[in-house]
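Spelled out from the first residue to the last, the chains are:
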Amino acid sequence: MPLPTNISRLISTRKLYRHHHFNFLSFTTTNTDLEKPSPPPIQVQLTESSGRGVFATRTIKPGELIHTAKPLLTHPSPSPSPSLTHQNHNKICYFCLRKLKLGQKLAISHSPTVSFCSDECANRSKGFYEVEKRVDWSEYNDYCRQRGFKYPLLVKRMACMVISEETSSDSLDILQPASLLPEMISEMEEEFGLLKSTLRGAIKDEQMTFLTKDWYAGILARIRINAFRVEVVGGSYEDLLLSAAASVEAEAAVGNAVYMLPSFYNHDCDPNVHILWIENADARLVAIHEIEAGEELRICYIDTSIAHGTRQQLLLQGFGFKCNCARCISGD
């Protein structure tokens, strides 16, 4: 269940990570000399007040691409009306969320409402999509569209990935969940019932033993606070940096995605890192200004241009914390 429209449109959703343990994190860095890769420029460690955070292991220069991240889970933005479902989903790759060009040769999806930008994306989607194709999603999709809900669509895809054995039912457990208010729990129960009834009949009962009310609530709570709204700008990486395209209108969003490493970045209203999407849902985290070794890397979860009081309200309602960054302490 998303926040009210006036709030959710301003939030690039993610989480405040606390008190979870893990064995390792994987990420990629860029280097023109592939035979002599540079040391990873970041590490995840505990902060004094915000749980885990991401810290620089060396000086990071302004404009430097720190690392990229592939999504664990994606879904295109819901279409505003049933008549536009075909139009919207045939403009965006159903897997990587790449905007498709007019006349572009598409991979076959065996569906009038879904397109893939390449054979690679079609093949990587084969598991969950084979499950999706067996089910009539019209009622479920209408429910989400009429209410402006996007997160239940990600839960739907996650369920299909588990059914196809593409992932495990606990693969997102490492992520911190959001707190669900009583009214959210009531809506969640309705959504859970609708998802289960939609799948029942097309999917064998033994394949849905994981699909309990507790599982649904846990996945939804993690997606609510960890999902990013993917805003694909297009153009080259250099042009994007030169134009300082740090903010994109909500209408440019092509979908939503959940990542691992980007979920460890804490918030600051004067961030030193920005997250960008250029061609698809692969995230790029770029330094805004010079970052010293040992300094924490932070992104801004909301629009940095809004007033102090509004920022405080959005962060408290959307993420459950009062911001005490230097900018907020100064009252700016």
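Here the structure is a predicted model, which means the values were calculated and not measured. (Residues numbered from 1 in each chain as written. Predicted model: local features only at pLDDT ≥ 70, side-chain atom pairs only at ≥ 80, totals over all residues. Heavy atoms only, no water.)

Undergrad: Looking at this structure, I do not really get the overall build of the chain. What am I missing?
TA: Scanning the chain from N- to C-terminus turns up 11 helices and 10 strands. Burial status across the chain gives 50% buried among its 332 residues. Nonlocal contacts in the chain, meaning residues at least 24 apart in sequence, comprise 72% of its contacts between residues at least 6 apart. Accessible surface, the chain as shown: approximately 16100 Å² in total, 51% of it carbon and sulfur. (Helix = DSSP H or I, 4+ residues; strand = E, 2+ residues; numbered from the N terminus. Buried < 20%, exposed > 50% of the residue type's maximum accessible area, 1.4 Å probe, protein only. Contact = heavy atoms within 4.5 Å. Areas by Shrake-Rupley, 256 points an atom, 1.4 Å probe, with all protein chains shown as cover.)

Undergrad: What's the story with the packing of aromatic side chains in this structure? I'm lost.
TA: Each aromatic ring pair is summarised here by two numbers: the centre-to-centre distance and the angle between the ring planes. In total, this model carries 10 aromatic pairs according to the counting rule given. When the centroid spacing of 5.6 Å and the interplanar angle of 80° are considered together, the rings of Phe-116 and Tyr-129 count as edge-to-face. Residue Phe-116 is found in the loop between α2 (85-89) and α3 (119-124), and its partner Tyr-129 is found in helix α4 (residues 126-132); the two are separated by 13 residues along the sequence. You'll find Phe-116 and Tyr-129 in the same group, each marked buried. Seen in terms of ring centroids, Phe-228 and Tyr-259 are 5.7 Å apart; in terms of plane orientation they differ by 75°. Their pairing is edge-to-face. Residue Phe-228 is found in strand β5 (residues 227-231), and its partner Tyr-259 is found in the loop between β6 (253-258) and β7 (266-267); the two are separated by 31 residues along the sequence. Classification of Phe-228 by relative accessible area gives buried; the value is 1%. (Phe/Tyr/Trp six-rings, centres within 6.5 Å; stacked < 30°, edge-to-face > 60°.)

Undergrad: Explain the pattern of salt bridges here, please?
TA: Side chains that differ in charge, positive against negative, can pair when their charged atoms come close. As enumerated under the stated definition, the model contains 10 salt bridges in all. In this structure, Glu-279 and Arg-98 form a salt bridge, with 3.4 Å as the shortest nitrogen-oxygen distance. Separated by 181 residues along the polypeptide, Glu-279 in the loop between β8 (273-276) and β9 (283-287) and Arg-98 in the loop between α2 and α3 bring together distant segments of the chain. One salt bridge connects Arg-157 with Glu-132, and the closest N-O pair in it is separated by 3.4 Å. One end of the pair, Arg-157, is in helix α6 (residues 151-163); the other, Glu-132, is in helix α4, with 25 residues separating them in the sequence. Accessibility classification places Arg-157 together with Glu-132 in one group, the buried group. (Salt bridge = Lys/Arg side-chain N within 4 Å of Asp/Glu carboxyl O.)

Undergrad: Could you clarify how one ought to interpret the sheet that holds strand β10 (residues 296-299) in this entry?
TA: Within a sheet, neighbouring strands are paired by backbone hydrogen bonds and run either parallel or antiparallel to one another. Strand order in the open sheet formed by four strands is β1-β2-β10-β7, with mixed pairing between adjacent strands. Looking at the sheet topology across the chains shown, the edges are occupied by β1 (42-46) and β7. As paired elements, strand β2 (residues 52-56) and β10 share two bridges and run antiparallel to each other. Note that in β10 the partner of Phe-55 across the bridge is Glu-296. (Pairing = 2+ DSSP bridges.)

Undergrad: I'm lost on the packing of helix α7 (residues 182-199) against helix α8 (residues 213-226) in this one. Help?
TA: Geometry of a packed helix pair, given as the angle between the helix axes and the separation of the axes. It is at 10 Å that the axes of α7 and α8 come closest, and there the two elements cross at 120°. At the point where α7 passes α8, the crossing takes the right-handed sense. Note on element contacts: α8 touches α7 through Lys-213, Tyr-216, Ala-217, Leu-220 and Arg-224, opposite Met-184, Met-188, Glu-189, Glu-191, Phe-192 and Leu-195. (Axes fitted to C-alpha atoms, helices over the stretch in contact; angles between N-to-C directions. Left-handed = near helix turned anticlockwise from the far one by under 90°.)

Undergrad: Explain the nonpolar core here, please?
TA: Most often, soluble globular proteins have nonpolar side chains that are buried together. Core analysis: the largest hydrophobic core is formed by 50 residues, its most contacted members being Phe-116, Leu-195, Leu-199, Trp-215, Tyr-216 and Ile-223. Every element with two or more residues in this core is listed here: α3, α4, α5 (138-147), α6, α7 and α8. At 10 residues, α6 tops the list of elements feeding residues into this core. (Core = buried A, V, L, I, M, F, W, Y, C linked by side-chain atoms within 4.5 Å.)

Undergrad: Would you take a moment to explain the packing of α6 against α8 for this structure?
TA: Two elements in contact, α6 and α8, have axes whose closest approach is 10 Å; the angle formed by their N-to-C orientations is 125°. Classified by the angle between their axes, α6 and α8 sit oblique to one another. Crossing handedness for the pair α6 and α8: right-handed. Residues Tyr-151, Pro-152, Leu-154, Val-155, Met-158, Ala-159 and Val-162 of α6 lie in contact with α8, whose contacting residues are Trp-215, Tyr-216, Ile-219, Leu-220, Ile-223 and Arg-224. (Parallel < 35°, antiparallel > 145°, perpendicular 65-115°, else oblique.)

Undergrad: Whenever I open this one, helix α10 (residues 308-319) confuses me. Can you help?
TA: Every α-helical turn comprises 3.6 residues, leaving residues that sit three or four positions apart pointing alike. For α10, built from 12 residues, the straight-helix expectation of 16 Å at 1.5 Å per residue is met to within 8% by its first-to-last C-alpha distance of 16 Å. Turning to α10, its buried residues are Arg-311, Gln-312, Leu-314, Leu-315, Gly-318 and Phe-319. Seen from one end, α10 has its buried residues packed into an arc of 165°, which puts them on one side. Where α10 ends, the next residue or the one after it, Gly-320, has phi of about 80°, a positive value. (Expected span 1.5 Å × (residues − 1). Arc of directions from axis to C-beta.)

Without other data, these values stay purely geometric and don't point to any function.
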